[in-house]
Every structure is written in C-alpha cells, then in structure tokens.
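Structural overview for review
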Amino acid sequence: MSKANDVADAIKTGVTALALTGVTVTRRKIPALPAGKDPPEAVVSVSEEGDTIYLDFEGYVIVRYPCAVTLVTGSGSNLTDDTTLRDWRESVRKKVDDPATYSGVTGFHRVLSSGREPFDRSALS
C-alpha cells in the first residue's frame, strides 16, 4: 500500500471518530459528491507524492503528500453565520493536525498547513 493511502486512511479514521452529526466520511480523488448522494459529507482527498526534499545521499528523503478534508453541505449559500459548520471545521483541523492521528503510519513525521490543493480545481465544475 502506498504512503498516500496510509495517510488518507489515517485521516478518514480520525475524522470518522469525531462523529460529526449526520456526516459520512469518504475518500475521493476530488472533493465532490457523486450523483444521487446527499450531503453532509466529509471528503478526504490525498494527492500522490508532492514535493520531495533529499536529506542526504543515503536515500533519506522527506516526501510531502498534499491533502484536504472538504466538508460538503447543502447550505453553502446561506449568508448567516453557521456555528455548526465552524465547529466541524475546527474539529477536523485539530484532528488532521494531531500527530496521534498518524500513529499507525510508519515513517510519518508531521503535518504542515500550506494551502496547496491535492486535486485539480478544474475538475470541480
């Protein structure tokens, strides 16, 4: 199994453990609901190998795997403050940032927030 799969599984397991009311957690290449699927849903997307930093000549490297957890809801056009969605985002961010989430992933170092999307934005149309 690839390291990207290990990271995606760890994130999916962690977000599922949050037990967000009515939210299904799935893994997809792009963060979108398939036809016929109703929100809310948390979509975990992890790209294959991203940036690679070589640490020495013996093969030690740091490989980055861009990932995102997208919360898809049916009320995205509301102009009112949505405290539930804010709480969900904060809970998900804390879970993704928590090193314990990746305790079962060998060779995992840490999570860095950056803003790089792990999917092709043009596929979201």
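Above this text is the structure in question.
About the cut-offs
Residues numbered from 1 in each chain as written. Predicted model: local features only at pLDDT ≥ 70, side-chain atom pairs only at ≥ 80, totals over all residues. Heavy atoms only, no water. Helix = DSSP H or I, 4+ residues; strand = E, 2+ residues; numbered from the N terminus. Buried < 20%, exposed > 50% of the residue type's maximum accessible area, 1.4 Å probe, protein only. Contact = heavy atoms within 4.5 Å. Areas by Shrake-Rupley, 256 points an atom, 1.4 Å probe, with all protein chains shown as cover. 1 Å grid on protein atoms, 1.4 Å probe; cavity = no way out; pocket = protein on both sides within 12 Å on 5 of 7 lines; lining within 4 Å. Points joined across faces, edges and corners; volume = space filled by probe spheres on them. Nonpolar A, V, L, I, M, F, W, Y, C, P; charged D, E, K, R; others polar. Core = buried A, V, L, I, M, F, W, Y, C linked by side-chain atoms within 4.5 Å. Phe/Tyr/Trp six-rings, centres within 6.5 Å; stacked < 30°, edge-to-face > 60°. Polar contact = N/O pair within 3.5 Å; in protein donor to acceptor, adjacent residues only side chain to side chain.

Our next topic: the overall build of the chain. If you tally the helices and strands in the chain, you get 2 helices and 5 strands. Helices and strands in the chain line up, N terminus first, as α-β-β-β-β-β-α. Here the chain holds 125 residues, and the buried ones make up 26% of them. Within the chain, counting contacts between residues at least 6 apart in sequence, those at least 24 apart form 48% of the total. On the chain, roughly 8,400 Å² of surface is accessible, and the fraction owed to carbon and sulfur atoms is 50%.

Attention now goes to the layout of surface pockets. Counted as a void, the second largest pocket has a volume near 230 Å³. Lining the second largest pocket are 15 residues; nearest its centre among them are R28, K29, V46, S47 and E48. Secondary-structure elements contributing two or more residues to the lining of the second largest pocket are α1 (3-17) and β2 (41-46). Classifying every residue of the lining of the second largest pocket by side-chain character gives 7 nonpolar, 3 polar and 5 charged.

Attention now moves to the nonpolar core. Here is a general trend for soluble globular proteins: nonpolar side chains tend to be buried in one another's company. Membership of the largest hydrophobic core comes to 20 residues, with the highest contact counts inside it found for I11 and Y102. For this core, the elements supplying multiple residues, two or more each, are α1, β2 and α2 (83-97). At 6 residues, α1 tops the list of elements feeding residues into this core. Other than its neighbours up to four places away in sequence, Y102 contacts V7, A10, I11, V96, F108 and V111.

The next subject is the packing of aromatic side chains. Within the structure shown, the criterion is met by 1 aromatic pair. Ring centres 4.1 Å apart and planes at 15° place the aromatic pair Y102 and F108 in the stacked group. Exposure remark for Y102: the relative accessible area of 3% places this residue in the buried category.

This brings us to the side chain of T26. Turning to its location among the elements, T26 is positioned in strand β1 (residues 24-27). Side chain to side chain, T26 and R28 meet in a polar contact 3.0 Å long. Within polar-contact distance, the side chain of T26 engages the side chain of E41 at 2.7 Å. Not counting residues up to four positions away in its chain, the partners in contact with T26 are K12, E41, A42, V43 and V44.

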